[in-house]
Amino acid sequence: MRIPFARALTQRDFALLWLGQTTSLVGDGIFNVALAWQALQLPDGAKVLGAVLLVRSAARVALLLVAGALADRYEKRLLVLGGDTLQMVAVGWLAYVVGTGDLHTWQLVTVAGVTGAGSAIFLSASTAIVPELVDEDYYQSANSLRSTSVVLSDLVGSAAGGLIVATAGIATAFTVNAATFVASITALLFVRPRRRAVAETEENVFSQVKEGLRYVVRT
């Protein structure tokens, strides 16, 4: 592959990671549209929408630092798979509940929080695992591809989510979202890190999280 930007895709394991990430993020875009639309269908829809967006964002932010600390200690590939699996189960359950027509606000808020947490675990671990999949010469290409994937997948996912909701309904949109996680997990199951990078630290997870928060405040 002669395009420098995409040269990291010549690395089999990174290509699988990138494919899994892109598919998962397209699912996120579909989910965001379906989640907002479903929230507005409930009584006090505007308040419900505010609650689910707040909970989803708070869960993601709260788990990002924790997930980063966990990625220093445990196998990143398993964390990536765990993040996607958590989202798949939560969204699959939500698709079933919406399909039955017996959805309650607490269920929507709970799934928003769980998917926010799963997304944080996935993003942290999938970022940390890149050096285990490619040689140093490919880092710039790999990071560029992952960043581009985040932006383009959100645009594609949001457009697809709106189309699915408008033509097939909210439950179908959640079902398609769950299916994207199945596809992502399938790709990630074949990822085989070449090496395992483990941070040498004697700090516990909570100490690392506090240090991360202090760093954020300082910078």
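Residues numbered from 1 in each chain as written. Predicted model: local features only at pLDDT ≥ 70, side-chain atom pairs only at ≥ 80, totals over all residues. Heavy atoms only, no water.

### Details of the packing of aromatic side chains
Two measures describe an aromatic ring pair: the distance that separates the ring centres and the angle between the ring planes.
Move 1: Per the counting criterion, the structure on display carries two aromatic pairs.
Move 2: Relative to Phe-174, the ring of Phe-31 lies with its centre 5.8 Å away and its plane at 55°, an arrangement referred to as tilted. Taken together, the residues span a long stretch of sequence, with Phe-31 in helix H1 (residues 12-41) and Phe-174 in helix H6 (residues 170-188) at a distance of 143 residues.
Move 3: For Phe-31, a relative accessible area of 2% gives the class buried. (Phe/Tyr/Trp six-rings, centres within 6.5 Å; stacked < 30°, edge-to-face > 60°. Helix = DSSP H or I, 4+ residues; strand = E, 2+ residues; numbered from the N terminus. Buried < 20%, exposed > 50% of the residue type's maximum accessible area, 1.4 Å probe, protein only.)

### Regarding the side chain of Thr-23
Move 1: Mapped onto the elements of the fold, Thr-23 is located in helix H1.
Move 2: A polar contact of 2.8 Å, which involves the side chain of Thr-23, links it to the backbone oxygen of Leu-19.
Move 3: The contact partners of Thr-23, leaving out residues within four places of it in the chain, are Thr-180, Ala-183 and Ser-184. (Polar contact = N/O pair within 3.5 Å; in protein donor to acceptor, adjacent residues only side chain to side chain. Contact = heavy atoms within 4.5 Å.)

### Describing the pattern of salt bridges
As a working rule, side chains carrying opposite charge can pair if their charged atoms are close by.
Move 1: Summed over the entire model, instances satisfying the criterion amount to three salt bridges.
Move 2: Between Arg-12 and Asp-13 there is a salt bridge, and its shortest N-O distance comes to 2.7 Å. (Salt bridge = Lys/Arg side-chain N within 4 Å of Asp/Glu carboxyl O.)

### What about a nonpolar patch on the surface?
Move 1: A cluster of nonpolar side chains, contributed by Val-150, Val-151, Leu-152 and Leu-155, occupies part of the molecular surface with about 360 Å² of accessible area.
Move 2: One can find Val-151 in helix H5 (residues 139-168). (Patch = residues over 30% accessible without salt bridge, like charges linked within 9 Å, V, L, I, M, F, W, Y side chains within 5 Å. Areas by Shrake-Rupley, 256 points an atom, 1.4 Å probe, with all protein chains shown as cover.)

Remember that the coordinates give geometry; whether it matters functionally is a separate question.
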